Every structure is written in structure tokens, then in C-alpha cells.
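Architecture at a glance
Chain residues, written in single-letter form:
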Amino acid sequence: MAANTKALKTGSHGIKMSLGYRITDVIIYTLMGLVGIFTLLPFLYIAAGSFATDRELTERAFFIIPRVWSLNAYKYAINNGNILLGLKNSVILTFFGTIVNMFLSTTFAYPLSKKHFRGRNFVLNMVIVTMLFSGGMIPTFMVLRAYGLYDSYAALILIGAISPFNMIIIKNFFQELPLELEEAAYIDGASEIKTFITIVLPLSKPVLASISLFYAVGYWNDYFNAMIYLSSADKYTVQIMLRNIVLKASAITDVMMDYYDSNGAPPDKAVKMATTVIATVPILVVYPFVQKFFTKGVMVGAVKG
Amino acid sequence: MADSVEKRKGYRKIVTSEGKVFYTKDPGFLAYMMRHKGLYLMLLPGLIYFIMFRYVPMGGLVIAFKNYSPFQGIWGSPWVGLDNFKQFFSNQDFLILLRNTLGISLLQLVFYFPAPIILALLLNEIRHSWYKRTVQTFIYIPHFVSWVIVASLSYQLFNTNDGLINMLIQAIGGSSVPILTSGKYFWGLIVGQDIWKETGYGTIIYLAALAGVDQEMYEAARVDGAGRWQMMWNITLPAIKGTVIIMLILRVGSILNTGYEQIFLMRNDLNVAFAEVFDTFIYTRGIQNAQYSFSTAAGMFKSIVGMIMVLGANWTAKKAGESGIY
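Residues numbered from 1 in each chain as written. Chains lettered and ligands numbered in written order. Predicted model: local features only at pLDDT ≥ 70, side-chain atom pairs only at ≥ 80, totals over all residues.

**A word on the overall build of chain B**
Helix and strand counts for chain B come out as 16 helices and 3 strands. For 326 residues, the compact-globule estimate of 2.2 N^0.38 gives 20 Å, and the C-alpha radius of gyration of chain B, at 27 Å, exceeds that figure by more than 25%. C-alpha atoms of chain B, sized along the principal axes, occupy 85 × 80 × 35 Å. Burial status across chain B gives 34% buried among its 326 residues. Within chain B, residue pairs in contact and separated by at least 24 positions form 59% of the contacts whose partners lie at least 6 positions apart. (Helix = DSSP H or I, 4+ residues; strand = E, 2+ residues; numbered from the N terminus. Rg over C-alpha atoms; globule rule 2.2 N^0.38 Å. Buried ≥ 20, exposed ≤ 12 C-beta atoms within 10 Å, placed from the backbone. Contact = placed C-beta atoms within 7 Å.)

**Here's the deal with the overall build of chain A**
Scanning chain A from N- to C-terminus turns up 16 helices and 0 strands. A total of 305 residues make up chain A; the buried ones form 36% of that total.

**Some details on the nonpolar core**
In terms of nonpolar packing, the biggest core is built from 128 residues, with I170(A), A274(A), A151(B), I190(B) and A298(B) touching the most fellow members. Looking at this core, the element that brings in the most residues is helix 10 (residues 183-211) of chain B, giving 10 residues. For A274(A), the contacting residues outside a window of four places in its chain are S50(A), A73(A), Y74(A) and A77(A). (Core = buried A, V, L, I, M, F, W, Y, C linked by C-beta atoms within 7 Å.)

**Digging into the packing of helix 10 of chain B against helix 12 (residues 228-253) of chain B**
All names here are of chain B. Where helix 10 meets helix 12, the axes come as close as 9 Å, and the angle between the chain directions of the two elements is 140°. The angle between helix 10 and helix 12 falls in the class oblique. Between helix 10 and helix 12 lies a crossing of right-handed hand. Mapping the contact onto sequence places I205, Y206, A209 and L210 in helix 10 and T236, A239, I240, T243 and M247 in helix 12. Among the residues forming the contact of helix 10 with helix 12, the class breakdown is 7 nonpolar, 2 polar and no charged. (Axes fitted to C-alpha atoms, helices over the stretch in contact; angles between N-to-C directions. Parallel < 35°, antiparallel > 145°, perpendicular 65-115°, else oblique. Left-handed = near helix turned anticlockwise from the far one by under 90°. Nonpolar A, V, L, I, M, F, W, Y, C, P; charged D, E, K, R; others polar.)

**A look at the interface of chain B and chain A**
Chain B puts 94 residues into the contact, and the matching count from chain A is 90 residues. When residues of the side of chain B that touches chain A are assigned to their parent elements, the largest contribution, 16 residues, is made by helix 2 (residues 37-59) of chain B. Of the residues belonging to the side of chain B that touches chain A, the class tally is 63 nonpolar, 21 polar and 10 charged.

**Digging into the confidence of the model for chain B**
Residue and element names in this part refer to chain B. Per-residue confidence for chain B gives a mean pLDDT of 87; residues scoring 70 or more make up 94%. Element-level mean pLDDT values for chain B span from 49 in strand 1 (residues 2-8) up to 96 in helix 2. Note that residues 1-5 has pLDDT below 50 and, in this model, 20 contacts with residues that lie over four places away or in other chains. Reported for the predicted complex are a pTM of 0.86 and an ipTM of 0.85. (pLDDT = per-residue confidence, 0-100.)

**Comments concerning the packing of helix 7 (residues 137-146) of chain A against helix 16 (residues 292-319) of chain B**
Think of two packed helices as two axes; the pair is described by the angle between the axes and how far apart they sit. The geometry of helix 7 of chain A relative to helix 16 of chain B is characterised by a closest axis approach of 7 Å and an angle of 130° between their N-to-C directions. As judged from the angle between their axes, helix 7 of chain A and helix 16 of chain B are oblique. Between helix 7 of chain A and helix 16 of chain B, the contacting residues are M137(A), I138(A), P139(A) and M142(A) on the first element and Y292(B), S295(B), T296(B) and G299(B) on the second.

**Notes on unusual backbone geometry**
Working note: non-glycine residues mostly have negative phi, and peptide bonds are mostly trans. For D151(A), which is not a glycine, the phi torsion comes out positive at approximately 60°. Checked against the element boundaries, D151(A) lands in the loop between helix 7 and helix 8 (153-158). If you check the backbone angles, A290(B) has positive phi at about 55° while not being a glycine. Mapped onto the elements of the fold, A290(B) is located in the loop between helix 15 (278-288) and helix 16.

**Topic: the environment of K115(A)**
Residues and elements named next belong to chain A. Summarising the element assignment, K115 is placed in the loop between helix 5 (83-113) and helix 6 (120-132). For K115, a count of 13 C-beta atoms within 10 Å corresponds to the partly exposed category. Spatially, the C-alpha atom of K115 lies 8.4 Å from that of Q175, the residues being 60 residues apart in sequence.

**Describing the confidence of the model for chain A**
Residues and elements named next belong to chain A. When pLDDT is averaged along chain A, the result is 84; 84% of the residues meet or exceed 70. Throughout residues 1-16 the model reports pLDDT below 50, and contacts reaching past four residues in sequence, or to other chains, amount to 14 contacts. Segment residues 249-266: pLDDT under 50, and 20 contacts once partners within four positions in sequence are set aside and those in other chains are kept.

Have a look at this one:
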């Protein structure tokens, strides 16, 4: 469209339109810049506060650069909280969870990607039913507890090990792959499983990367399942730890203006901010990769419906 | 290998990747299964997963029609017919749940649903791709952080004591506003969080639709003297109409799903009258109070209504001449 604008400027009624265009452009560009900054502002405020002293936090309402830099909040958060344990647990859960999900989703998707596969429609309908209807929170909880999975990461992993939506994206991708390579492998006498591992999976790297990230971010960010299914504190994930530090009974303390934890030490504002930053940083570190693949993944999903 | 196969009276039609068509005698299902045992072996783990973790819980819904007690087990507990449902509907909480759920959903529909469409249309007007990419990079970020982080940020921005907003209000001489602890601000708080977290990411799907628009259409319109708004109305909006309708179907279909992780985190004793929705209610009654049968009935009601909503919305879209989603 840039070329068009240029053409207009030199065109017969170009001058007038181009001026109107330019004014609207300035408004739109400014507005979009403000939307971008506004989105980041809460993060910047928290990050700045986490490096500030408690005194500065009570004196100044809003700042992006602290006057006095301090790492005390981080020292306190790391020494007195369980946030590091939470991070470790979340890494373990995310790592194994993503592996299990990818194993189950790809092996399940491959046979369904073969149009000649007998039973395909039956199984696909079975999957679509689960997208429309489910047992719901309580029956699922009772069943998983009956399987002996309560208070284990297995519960958190198996409750959503195959997302029907993601599985169908993978299936559609497999379906689009050229068949010649697979055919050549069959002719060479390779089994279907071997063909899948040596030919199909390597060709599917883009979709596998996208879906892995979908799953990994899901595990990392999950709070509700972890809260329902985990009871021992040493298994808590980073989300539960963060919630306990920043929010637990926050409404009540908020009203009573009483900020004392069990040690009697005031868990100051900066510590809460530092804990929030510690829990946010891992996602921001992987964000560049995530952004690239998520956008692709959404495109794949959008195109295929 | 065959591209596509259809059954025909004991024969199977096979179309090869070169497009040749021939018929082969159908060897029967068992023989087929033996020949493709690798495929069935691969299907098996996922199939077991779906049965054990998706279908068995569906079977667990029978306890909605029973008075479940842990000692008698699912099968030993006595049948009570629709008593649990009657109890749920006649419960004074039911209307409150319905009001809160529909209130939040309608606010989302009015304010949160159009937000990514408007943002995508504005982003589409940006011609400097570096600027567009930078804005996109910023506005996608909140989608990837957890609701716990959103709740933590909200707490630190809005709490009455030392939250940023209230500190600013006090600095200009106002009195603090109990945003987090008063029911009347709760719906706005939830929809505001939704808008902040998901609007940016929500633009992707509309931008993808806009990327498919032939740029020559704009040029042709420009030659005919069309202005920015005329082009937006006649070219851009028709291009995303189908996507908008599909997203609307999904939105309407999930009208009872008000994001329970988010609401659960923001709910507290002081705003609960406006914060209790179906999922938080089911959680409290079922998992905290162990009223399994009652809460299962409540959950089943929600699942069934949700399914009817999705199918109904889909049917409406097809009637209106748009392609549905199922």
C-alpha cells in the first residue's frame, strides 16, 4: 500500500486525500504505539518495583527507573520462599508432560491421517465427541483418584495428554505430506512404525515444534489442575507458589491492612514484585521462539479449521 | 500406497498417487488389520487414553442420578432420579450463578469480542512492517503468561492498601477504590483482564484472513477514488466476515465457560456474590465440600447446555450460508 500512497500524492486529486490520509495515519500509528506500551506497562512497573527499596515504593507511586537499586527483594524471595522449588517442579512437569503429550498425540494422529485406515471415521468421531461433551470436573477428579493418581504429576499429565484440537492439527499436517517418500520406504521393506519414525516425523518438524510449545506453555501456566490434584507442598508448581506468596488471603490482608507472615516479618511489596518477576522471566525467555511457532501454529489451525 | 479408498460390494477402489484407479478384492477387516498392524499398534496408546481419561469420566456422570457415598461406591449408591438436578435448580444460588455467568459473558461479548477485530483493522493500516512487527511483539506477550501472573499483577496494581492505582488516586486527593474487594467492580475487572491479556493475540487470526486479501483490489478501489473508510467497509471487512462469524460461534458456544482459573484467582470472600460462577461453585461444592452427586449434576447441566449452545450456533451459521466449524 505504500506505493499507492505515493502514487496518490502525485495524482490529480492526490494532495487533499493524502493530507487526510496522513493525519489518520499519524493517529493510527500513535494509537498502536500507545497500545503496545500500555500492554507492557504492568510488567515494567513490577520489574522496576522489584529492584527498588521498600521505602521508595511507599514514597513514589509510579516509576519505571528506581532511584536506589536494590537486590534485597530477590535475596529475600529466594531465601524465604519456595519459588525456586516451584520453578524446578514446573520444569520437570513441563518436560515430561510435553514428551508424553507428543508421544501420544503423534502416534494417535498418524494412523488417522491415512485415508484408507479402517476405523478412521469411528475413532475421529469418538475424538470430536470429547470436544463437545465431557464428564466434567468432578467425575474426572473421582476417576483419576480411583486410578491412584491423586497427588502425582501423572494426574496433571494424563488429564489432558491429547488435546483433540492439537491432535487434529498434527493429523492434517501428516495428511498433507507427499506420499512418495513413505511409499519408497514401504517398497524397501520398512515397517509402518519405522517409516513413521524415520520419514514422517523428520518431515513434520515445524508442526511438531509448534504443538510442543502449545503443550509446554500449557503445562507451565497451569494452575487449576495443579491446585486440585496436588496436595503435598513439595510438589507444588511455580504457579501455586506464586499464588501463595502474592495472593493467598490477599483480600483479607488487604482489608485488615495487615501484612505479616508466619515469621512476623513484613513480606514487603518489593518481595511480591520480585517473586512475580522470577515467575514471569522463564516465559519471557522462551517468548521469541514461542511467538514464531505459535503464530505458525495458529495459522495452520486457522487454515484447516 | 493408496491415496483414497472407498468400499464397493466386496471390492475396494484404490486411487494411487499417480491418479490411476483400480479395484481390488476386499480381503476383509481382519486381514487388513494384520497387514497394517503397525498402524493399529500406534493407535492403541491414544485410544486407551481416550477411553480411560475421557470416556470413563463421562460414565462417571451416572452419579448425578445417584446419592453417591464413598462407602457404597459408584454402583452401590442408591438411585435418586433427578433429585440432584431439582435441588440444583431450586437452590437460591442457581439464579446468582446464572446472573454472574451471563453478566460476565455478555460484557465479554460486547467489549472483549470486538477488541481484536478493531485492533487488527488498525494494525492492517500500518504500512511500515518493522513498526507493525514491534507492536505485535509487544501485544502478544500477555497471552503467554499464566493467569496467576495476571492475578499477581492485578493485585499489585489495584489493591486498596498500596496498589498503584489507589496510590495515584490518593496522590491527587481522592479516596481509594476497593477494586479487588467489592462485588460491583468484579465483572469489569475480569473483562478488563481478558482484554489486556487476549486482545493482542486475538488479532492473529484476523490478520491471517487479511493477509489473503488481494492488494490489487485496494489499488483498483483507489483508482476509482475510494477513501480509507470505503475500502475498509467494502474490501477489508468482507474479507474477515467469515472469520468473525466463526469466532462469534465459538464465543457464543462457550457462553457458560467464563474462564474459571481466572475467576477462581480473583474471587474472594468479599466479592463472592458477584464472582461465583458455575465452575467455581462446582469446585467448592464438589471438591472442597465433597458433595459429589450434587456438583456432578451441576456440571452435567453446564456441559449439556454448553453442547447445545455450540451445536445451535454452528447450525445457525450454516443456515446463514457460512461454513460451520463441525
